[in-house]
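Reading the structure
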Amino acid sequence: MYYKFSGFSQKLVGAAASAAYVPQGLKPLASTESPALIFGTPTKLASDSPAAVSYLGKNKVPDLQKLFQKADGLPVHLKRGVPDQLLYRTTMALTIGGTIYCLVALYMASQPKSKK
């Protein structure tokens, strides 16, 4: 019996003698013809489009880079002002509240139930 390496299963599989002696890299796997069109509409080339794309809006990256790279001593997560401070404080309050709630639940679970 003859064997060849299967690219699909990544194992040796049984094969005919002619298939076993033809290395996979030397026989053409795909045809050199272009496939038939799936959609009949022509494609728009990038060179046909206008230079400035109007739907993207203004590029905000340079402004944000200036804001975040300013040496004002604030951490990055607080550089955008009041909204960042509110988000940070809310997150910290929920974290501390959740920790206290877990500790209270652990304490209550560790106490034996009183028999009445």
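What you are looking at is a predicted structure, and each value in this text was computed from that prediction instead of being measured. (Residues numbered from 1 in each chain as written. Predicted model: local features only at pLDDT ≥ 70, side-chain atom pairs only at ≥ 80, totals over all residues. Heavy atoms only, no water.)

1. A closer look at the overall build of the protein chain
Where we set the bar: Counting from the N terminus, the helices are the DSSP runs of H or I reaching at least four residues and the strands are the DSSP runs of E reaching at least two. Between buried and exposed lies partly exposed: a residue is buried under 20% and exposed over 50% of the maximum accessible area for its type, with that area taken using a 1.4 Å probe on protein chains only. Note on contacts: a residue pair is in contact if any heavy atoms of the two residues lie within 4.5 Å. The method behind every accessible area is Shrake-Rupley, applied with a 1.4 Å probe, and residues are considered shielded solely by the protein chains displayed.
If you tally the helices and strands in the protein chain, you get 3 helices and 2 strands. Reading the protein chain from its N terminus to its C terminus gives the helix and strand order β-β-α-α-α. Put simply, the protein chain has 116 residues, and 4% of those count as buried. Long-range contacts, defined as pairs at least 24 residues apart, comprise 0% of the intrachain contacts of the protein chain with a sequence gap of at least 6. When the accessible surface of the protein chain is summed, it comes to about 11,200 Å², and 65% of that surface belongs to carbon and sulfur atoms.

2. Points about a nonpolar patch on the surface
Just so we agree on the cut-off: Two joining distances apply to patches: 9 Å for like charges and 5 Å for nonpolar side chains (Val, Leu, Ile, Met, Phe, Trp, Tyr), and every residue must have over 30% relative accessible area and no salt bridge. What counts as a salt bridge is simple: a side-chain nitrogen of Lys or Arg found within 4 Å of a carboxyl oxygen of Asp or Glu.
Side chains of Tyr 88, Met 92, Ile 96, Ile 100, Val 104, Tyr 107 and Met 108 sit close together on the surface and give an oily, nonpolar patch of about 720 Å² of accessible area. Inspection of the secondary structure puts Val 104 in helix α3 (residues 82-110). Relative accessible area serves as the criterion here: at 42%, Val 104 is assigned to the partly exposed category.

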